[in-house]
Amino acid sequence: MTDDLPTMDLTRLAEAHGIATEYWSFFGDRVTVPASTLRAILHAMGVDAATDAGVTAALLDADDRPWRDLLPASFVSRPGARALPVHVTDGYDVVVTALLEDGTARDLEIPDQQPVSREVEGVRRWRVEVPIPHDLPLGWHTVHAVERRIGGGASGRTASVPLVITPERMPDPRVRAGRSRGWGLMAQLYSVRSRASWGMGDFADLADLAAIAGARGADFLLINPIHAAEVTIPIEPSPYLPATRRFLAPLYVRPEDIREASYLDAAGRAAVDAARGPVAATDDDPSRIDRDAVWTAKLAALDAIFAVPRSPGRAAELAAFAEREGQPLQDFALWCALEEHYAGTERPDAARDIASPLVEGLREQLAGRVAFHVWLQWIADQQVASAQAAARAAGMAIGIMHDLAVGVHQLGSDAWSLRDMYAPGMAVGAPPDMYNQQGQTWNQPPWLPGALAESGYAPLRDMIRTLLRHAGALRIDHVIGLFRLWWIPAGLSPAAGTYVRYDHEAMIGVLMLEAHRAGAVLIGEDLGNVEPWVRDYLAARGILGTSVLWFEREGDGFRPPEHYRASLLATVNTHDLPPTAGYLADEHVALRARLGLLTRPVEQELAEADAERAAMLALLRERGLLSENAGEQEVIEALNVLITASPSQLLGVALVDAVGERRTQNQPGTDTEYPNWQIPLAGPDGRAVLLDDLAANPRFTALTAAVDSHL
């Protein structure tokens, strides 16, 4: 549409704010982004671009803005890697001091230079570059600047902003003594149940699964995101669409493991037992996990346990936890209380504004429920800590590997309490590709790059800090989102969106600093349409990438595992594919055919799947990993042994493959058409596989032994 082409000034304005004005599509086409898309995204960023006059004014403002302030909003750098820009008023010198987080101060030397100047609103400003010393310690510091008039007199402007010094590179992952590489188990926690579960896997099951895997030689246990979802039914099944990424899901709490549960009186114990009974009866049901029933049952039990008085020591621990987590925890707990308060009723608009008088009044009115949800986060934190302790006690060098979702629900806690951090009227998604020809909308609001910088990246820091407090590693889903995200204006199709860039040096740096302090490994999920330089950048920073055997291609065939990257978590499959048993049986084709998702005739899809499978089996036989008449179990073991030939530092074994499960956990492109994220762990016979029986499961022991023996 030629009438929606952007003007040169609009193009310059968009690019000044990190908005891509053109891009290369998956299909090799050069796409010019429509003017309407650029204007909508600029509006979401608080930039008036509705008219040509507005664009002209905004462009001037964008050029002048860095020069107005003495210091940038925040500054993130590796030691000695970047120079801090300081904009000094004409006629003044400047003194710049780093106030370190240990309480000491250090003046930053300003070398001789030829500064450039610019007149801004009638005042001339000079840009001075202040190098960051190579020996400045890692950490969250403050940089302070003060102008002093040349020749004496009153001081000029002052400014203090966050100064974040980040690691140059992450160390290699820890593995067991005597090994240069490690392997681990990958599981969807909710699907892994025991006879003590409440209808779905929980934090106690996490500890037991880690202990079982550790005893088999695993160094890590990768699980789905355990971010908090709703606290009222219906509960969102997808762990990748949470209410918050900062706090944990109380849905996974094991009520009986709370110390105060042992102090319940007879009536209280009876209430807990009565709540558990119906959902516990489904622990061996292989059909579907009912989160709504599980949460309803657990909530009744947790309310009863919360009412039990805590000892002075326990009360002090809870108070210390609440103080450490600060106002963000209070705001999250208030959001939970509001969700309960307005459940099933019409919510006034004022309740959607955390700063409204209505919400302030409800904060006091609902103080009891706020306290309950603060307590729940404390309990969840303790139970995750116990799981990590169990993992390390079982010999794991890394332990629990958490998964960080790309974003949050538009109506969730983060979007409510951190509203100024998110772009209004925008959704994150993906452009069209061969699998989704209309593109994808994920219904998650994107972070505003400028707001993140203004906050000193505190929301990112706090989120990572929570996840890594009791973990040895973090997988970042869609890690390209720390570099750029596909923004889609409300009311437009995904194809009408475009990329918005983030300061990846700052985002990755903050991530690395928190991981460094936690002694944790970082893995970036870099599958799909990722710019090649991004993979090189992540590898240079010591952040592992990911690979899936079926997606690794070289020429006309599969890439030999010896050619894989070393800085990698290599796996046979992913949660967006059926388990390998199902994949070998063409379940990925059959399911999409049943759901009407195929864009080509089913016969063509099956023929392609058959050729792919035949090529893979031929490769396995060529390497002597497979007998001529091998069955399904032998093929699965051979595929996992194949990737041990790679130089990849970490290898992942899917629990579903280790027990012979066939059903996929998630079918992209569906919502209610398929029970995504609701499939309990089951074996090839369709019967539920419980944790109590896992250590003696023949397929599990055979596959884990095969992988372990080849490292």
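As a convention, each chain's residues are numbered from 1 in the sequence order in which they are written. Since the coordinates come from a predicted model, pLDDT governs what is reported: local features require at least 70, and pairs of side-chain atoms require 80 or more to be given and counted, while whole-chain, interface and lining totals use all residues. Hydrogens and waters are ignored; side-chain quantities use all the structure's heavy atoms.

Caption draft 1: Geometry of the overall build of the protein. Looking only at helices and strands, the protein features 21 helices and 24 strands. The reference for a compact globule is 2.2 Å times residues^0.38; the radius of gyration itself is calculated from the C-alpha atoms. In terms of overall dimensions, the protein is globule-like: its C-alpha atoms have a radius of gyration of 27 Å, near the 27 Å expected for 711 residues. A total of 711 residues make up the protein; the buried ones form 55% of that total. Within the protein, contacts between residues at least 6 apart in sequence are counted, and of these 72% link residues at least 24 apart. Accessible area for the protein stands at about 29,000 Å²; split by element, carbon and sulfur atoms hold 53% of it. Averaging the coordinates of the 63 positive side-chain charges in the protein and doing the same for the 94 negative ones gives two points 3 Å apart. Secondary structure elements are taken from DSSP: a helix is a run of H or I of four residues or more, a strand is a run of E of two residues or more, and numbering for both begins at the N terminus. Throughout, exposure labels follow a simple rule: accessible area from a 1.4 Å probe, protein chains only, divided by the maximum for the residue type, with under 20% read as buried, over 50% as exposed, and the rest as partly exposed. Here, two residues are considered to be in contact whenever any of their heavy atoms come within 4.5 Å of each other. What sets the accessible areas is the Shrake-Rupley method with a 1.4 Å probe; for residues, cover comes only from the shown protein chains. His is not counted here, nor are the chain ends, while Lys and Arg score as positive and Asp and Glu score as negative. Just so you know, the charge point we use is NZ for Lys, CZ for Arg, CG for Asp and CD for Glu.

Caption draft 2: Representation of helix H17 (residues 602-622) within the structure. The span expected for a helix works out to 1.5 Å for each residue beyond the first. End to end, H17 covers 30 Å across 21 residues, agreeing with the expected 30 Å (1.5 Å per residue, within 8%). Taken together, the buried positions of H17 are occupied by Glu605, Ala609, Glu612, Arg613, Met616, Leu617, Leu619 and Leu620. The arc enclosing the buried residues of H17, seen along the axis, measures out at 155 degrees, which places them on a common side. Of the exposed residues in H17, those oriented more than 90 degrees away from the buried face are Glu603 and Glu622. Buried residues along H17 sit in contact with strand S21 (553-554), strand S22 (557-558), helix H15 (580-584), helix H16 (587-594) and helix H18 (632-642). Phi for Gly624, located one or two positions after H17, is positive at around 75 degrees. The directions considered for the arc run from the helix axis to the C-beta atoms.

Caption draft 3: Spotlight on the pairing of strand S20 (residues 545-548). Burial along S20 is two-sided: the face carrying Gly545 and Ser547 and the face carrying Thr546 and Val548 are both buried. Of the strand pairs in this sheet, S20 and strand S23 (residues 568-571) are connected by 4 bridges, and their pairing is parallel. Across the sheet, the residue bridging to Val548 is Thr571, located in S23. Any two strands between which DSSP finds at least two bridges are classified as paired.

Caption draft 4: Geometry of the sheet that holds strand S14 (residues 426-430). Pairing is antiparallel across the open sheet formed by 4 strands, whose spatial order is S15-S14-S17-S18. Taken across any chain shown, the strands that pair with only one partner, and hence form the sheet edges, are strand S15 (440-441) and strand S18 (498-501). Sheet topology places S14 next to S15; 2 bridges connect them, and they run antiparallel. Across the sheet, the residue bridging to Gly429 is Thr441, located in S15.

Caption draft 5: Region of the structure containing the pairing of strand S7 (residues 116-120). Bridge analysis of S7 against strand S8 (residues 123-131) gives 5 bridges, and the strand direction is antiparallel. Paired with Arg118 across the two strands is Arg125, which belongs to S8.

Caption draft 6: The sheet that holds strand S12 (residues 220-223), seen in detail. The strand order across the open sheet built from 8 strands is S19-S16-S13-S12-S11-S24-S23-S20, with neighbouring strands paired in parallel fashion. Each having just a single partner strand, strand S19 (521-524) and S20 make up the two edges of the open sheet. On average, each strand axis in the sheet is tilted by 25 degrees relative to the strand beside it, whichever way the strands run. In this sheet, S12 lies alongside strand S11 (residues 182-187) in parallel orientation, the contact comprising 4 bridges. Residue Leu185 lies in a different strand from S12, and its bridge partner there is Leu221. In this analysis an axis means a line fitted to C-alpha atoms, helices contributing only their contacting stretch, and an angle means the value between N-to-C directions, from 0 to 180 degrees.

Caption draft 7: Structural context of the packing of aromatic side chains. Centres within 6.5 Å are what make two rings of Phe, Tyr or Trp a pair, Trp counting through its six-membered ring; a difference in plane orientation under 30 degrees is then read as stacked, over 60 as edge-to-face, and the rest as tilted. Summed over the entire model, instances satisfying the criterion amount to 17 aromatic pairs. Summarising the aromatic geometry, the rings of Tyr23 and Trp486 are spaced 5.1 Å apart at their centres and angled 90 degrees between planes, so their arrangement reads as edge-to-face. One end of the pair, Tyr23, is in strand S1 (residues 22-24); the other, Trp486, is in strand S17 (residues 484-489), and 463 residues separate them in sequence. Neither residue differs from the other here; Tyr23 and Trp486 are each classed as buried. The structure contains a cluster of three or more aromatic residues connected by ring pairs, namely Tyr23, Trp486 and Tyr499.

Caption draft 8: The pattern of salt bridges, seen in detail. Salt bridge, as used here: a side-chain nitrogen of Lys or Arg that lies within 4 Å of a carboxyl oxygen of Asp or Glu. Counted according to the given criterion, the structure contains 57 salt bridges. Of the charged contacts, one joins Arg419 and Asp353 as a salt bridge, the two residues approaching to 3.1 Å between their closest N and O atoms. Highlighted residues: Arg419 in the loop between helix H10 (413-417) and S14 and Asp353 in the loop between helix H7 (312-341) and helix H8 (357-365), separated in sequence by 66 residues. By relative accessible area, Asp353 is classed as partly exposed at 23%. Shared partners join several salt bridges into a network, and the residues in it are Arg246, Arg324, Glu325, Asp381, Arg461, Asp462 and Arg469.

Caption draft 9: The arrangement of unusual backbone geometry in detail. For the bond running from Ile233 to Pro234, omega is 5 degrees, close enough to zero to count as cis. Checked against the element boundaries, Pro234 lands in the loop between S12 and helix H5 (266-280). Even without glycine at this site, Tyr457 takes up a positive phi of about 60 degrees. Along the chain, the position of Tyr457 falls in the loop between helix H11 (449-454) and helix H12 (458-468). Using a relative accessible area of 5% as the deciding quantity, one classes Tyr457 as buried.

Caption draft 10: Quick peek at the nonpolar core. Counting residues in each nonpolar core, the largest one holds 128 residues, and the members touching the most others are Leu221, Trp375 and Leu655. Beyond its immediate chain neighbours, meaning those up to four positions away, Leu221 contacts Leu185, Ala187, Leu206, Leu209, Ala210, Met396, Gly399, Ile400 and Met401. Working definition of a nonpolar core: buried Ala, Val, Leu, Ile, Met, Phe, Trp, Tyr and Cys residues. They are joined through side-chain atoms within 4.5 Å. Within the second largest apolar cluster, 70 residues are counted, among which are Tyr457, Leu474, Val500 and Tyr502.

Caption draft 11: Highlighting the packing of H16 against H17. At a closest axis distance of 9 Å, the pairing of H16 and H17 adopts a crossing angle of 165 degrees. When the interaxial angle is binned, H16 and H17 end up roughly antiparallel. For H16 against H17, the interelement crossing comes out right-handed. Note on element contacts: H17 touches H16 through Val602, Glu605, Leu606 and Ala609, opposite His588, Val589, Arg592 and Ala593. Think of it as three bins: nonpolar holds Ala, Val, Leu, Ile, Met, Phe, Trp, Tyr, Cys and Pro, charged holds Asp, Glu, Lys and Arg, and polar takes everything else, Gly as well. Counted by class, the contact of H16 with H17 contains 5 nonpolar, 1 polar and 2 charged residues. We call two directions roughly parallel when the angle between them is under 35 degrees, roughly antiparallel when it is over 145, roughly perpendicular when it lies between 65 and 115, and oblique otherwise. Left-handed describes a crossing in which the near helix is turned anticlockwise from the far one by less than a right angle; the clockwise case is right-handed.

Caption draft 12: Focus on the side chain of Lys298. For Lys298, the location among the structural elements is in helix H6 (residues 291-306). For the buried Lys298, which has no salt bridge, the nearest side chain bearing the opposite charge is Asp202, at an N-O separation of 4.2 Å. N or O atoms within 3.5 Å of each other form a polar contact, as long as, within protein, one can give a hydrogen and the other can take it, and as long as residues adjacent in sequence are counted only when both atoms are side-chain atoms. There is a polar contact of 2.8 Å between the side chain of Lys298 and the backbone oxygen of Val253. Beyond its immediate sequence surroundings of up to four residues, Lys298 is in contact with Trp198, Asp202, Leu251, Tyr252, Val253 and Pro255.

Caption draft 13: Highlighting the packing of H7 against H8. Where H7 contacts H8, the axes come no closer than 10 Å and their chain directions differ by 90 degrees. Taken together, H7 and H8 sit at an angle that is classed as roughly perpendicular. Contact with H7, carried on its side by Gln327, Gln330, Asp331, Leu334, Leu338 and His341, involves Val359, Leu362, Arg363 and Gln365 of H8 and no other residues of that element. Of the residues contributing to the contact of H7 with H8, the split by class is 4 nonpolar, 4 polar and 2 charged.

Honestly, it's all geometry; don't read function into it.
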